[in-house]
Amino acid sequence: GDLTERVPVPAHQDEIGRLAVTINQMIARLQAAFERQRQFSADASHELRTPLSVIRADLEIALRRERTIPEYQAVLTSTLEETVRLSRLVEDLLLLTRADVGRVELECQPVNFSTLGREVVEYLQPLAAQRRQTLTSTSQAPHDLVLPADPNRLRQMLINLIDNAIKFTGEGGEIALSLTEESGQALLRIRDTGRGIPGEDLPFIFDRFFRRSAMTSDRSAPGTGLGLSIVRWIVEAHGGSIEVASRLGEGTEFQLRLPLADPTRPLPERRR
């Protein structure tokens, strides 16, 4: 019942000694798993509590006395914003929870990744324009790159990454997407000139609800804290990999590698 306890390990590494080491390793993994679950539950509760508290406070203040129509409209607008934030958080939590148990199915089909990248950049241009940022997309591939993938998930992946870059890049900054082919894979780079990420944070940025260092944290930036976790799941579910490099004050670059379609093999109808 106490996962902090360990089995005494004999001095001699005979069968009993090796068994004791194995049991201790198993207990350590269980302890780590329970700690992650406990932390995840605490973080999720905190993230859910914040928008609910805002909604409750706005409504209680509005009901204390008669208000003008513009005042009621302001309360409804604030409530709607927090409700949207709450809905997105719940949807992200459900997605990751279902992914953990293998209950999310990918609708794989041939996807023109080159075209999809340009479409997402065009879609997010207004957000970049609000901050006077330059958002560009280029391709060094000799032809359009086609992936066996779920187009909706790939679109979600790109939106999460680019939106994240926009949020953490200052006014007048630059966000650039570049796509090329390398060793039978599509190689996508997303580079920004934002504030960068401290080296001690880099191993944890894909963790759910990870709290960034004080020097880079921005509580005013909207988001659920789950975007990069979802990105990693989408990449790995498609058989790809993702890496990140960053320097404080200079910017961040994400590199994604996704396998290209093999014309000699039929696409699976569904993949988990």
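Up top is the structure.
All of these numbers come straight from a predicted model, not from anything done at the bench.

Another aspect to go through is the overall build of the protein chain. Helix and strand counts for the protein chain stand at five helices and seven strands. When the helices and strands of the protein chain are read in sequence order from the N terminus, they spell out α-α-β-α-β-β-α-β-β-α-β-β. Reported as C-alpha extents along the three principal axes, the dimensions of the protein chain are approximately 80 × 60 × 40 Å. Looking at the protein chain as a whole, 37% of its 272 residues qualify as buried. Across the protein chain, contacts joining residues at least 24 apart in sequence account for 70% of those joining residues at least 6 apart. As presented, the protein chain carries roughly 16200 Å² of accessible surface, and 54% of it is formed by carbon and sulfur atoms. Across the protein chain, the mean location of the 34 positive side-chain charges is 2 Å away from that of the 38 negative side-chain charges.

Let us look at the packing of helix α3 (residues 113-130) against helix α4 (residues 151-167). Put simply, α3 and α4 touch, their axes get as near as 10 Å, and they point 40° apart. Comparing their axes, α4 and α3 come out oblique. For α3 against α4, the interelement crossing comes out right-handed. For the pair formed by α3 and α4, the contact residues are Phe113, Leu116, Gly117, Val120, Val121, Tyr123, Leu124, Leu127 and Ala128 on the first element and Pro151, Leu154, Arg155, Met157, Leu158, Ile159, Ile162, Asp163 and Ile166 on the second. Its residues assigned to classes, the contact of α3 with α4 comprises 15 nonpolar, one polar and two charged.

Our focus in this paragraph is the nonpolar core. In terms of nonpolar packing, the biggest core is built from 53 residues, with Phe113, Leu154, Met157, Ile162 and Phe254 touching the most fellow members. With near-sequence residues (within four places) excluded, Leu154 lies in contact with Val111, Phe113, Leu116, Leu147, Ala149, Ile234, His238 and Leu258.

Between helix α2 (residues 69-100) and helix α5 (residues 227-237), the shortest axis-to-axis distance is 11 Å and the interhelical angle comes to 35°. Regarding α2 and α5, the two cross each other, and that crossing is left-handed. Contact residues: Asp92, Leu95, Leu96 and Ala99 in α2; Ser229, Ile230 and Trp233 in α5.

Taking 1.5 Å per residue, 17 residues should reach 24 Å; α4 reaches 24 Å between its end C-alpha atoms and fits that length. Looking at α4, one finds that the buried residues are Leu154, Met157, Leu158, Asn160, Leu161, Ile162, Asp163, Ala165, Ile166 and Lys167.

With that out of the way, let us pick up the environment of Asp100. Turning to its location among the elements, Asp100 is positioned in helix α2. Judged by its relative accessible area of 52%, Asp100 falls in the exposed class.

Before going further, it helps to examine unusual backbone geometry. Non-glycine residue Arg132 carries a positive phi angle of around 55°. When you line up the elements, Arg132 lands in the loop between α3 and β2 (134-139). At Ser183, a position not held by glycine, the phi torsion is positive, near 55°. Along the chain, Ser183 turns up in the loop between β4 (174-182) and β5 (185-192). Judged by relative accessible area, Ser183 falls into the exposed class, the value being 72%.

This part is about a nonpolar patch on the surface. A contiguous nonpolar patch, built from Met26, Leu30 and Phe34 and spanning about 280 Å² of accessible area, is present on the exposed surface. Position of Leu30 relative to the elements: it lies in helix α1 (residues 15-62).

Quick notes on the rules
Residues numbered from 1 in each chain as written. Predicted model: local features only at pLDDT ≥ 70, side-chain atom pairs only at ≥ 80, totals over all residues. Heavy atoms only, no water. Helix = DSSP H or I, 4+ residues; strand = E, 2+ residues; numbered from the N terminus. Buried < 20%, exposed > 50% of the residue type's maximum accessible area, 1.4 Å probe, protein only. Contact = heavy atoms within 4.5 Å. Areas by Shrake-Rupley, 256 points an atom, 1.4 Å probe, with all protein chains shown as cover. Lys, Arg positive; Asp, Glu negative; His and termini not counted. Charge placed at Lys NZ, Arg CZ, Asp CG, Glu CD. Axes fitted to C-alpha atoms, helices over the stretch in contact; angles between N-to-C directions. Parallel < 35°, antiparallel > 145°, perpendicular 65-115°, else oblique. Left-handed = near helix turned anticlockwise from the far one by under 90°. Nonpolar A, V, L, I, M, F, W, Y, C, P; charged D, E, K, R; others polar. Core = buried A, V, L, I, M, F, W, Y, C linked by side-chain atoms within 4.5 Å. Expected span 1.5 Å × (residues − 1). Patch = residues over 30% accessible without salt bridge, like charges linked within 9 Å, V, L, I, M, F, W, Y side chains within 5 Å. Salt bridge = Lys/Arg side-chain N within 4 Å of Asp/Glu carboxyl O.

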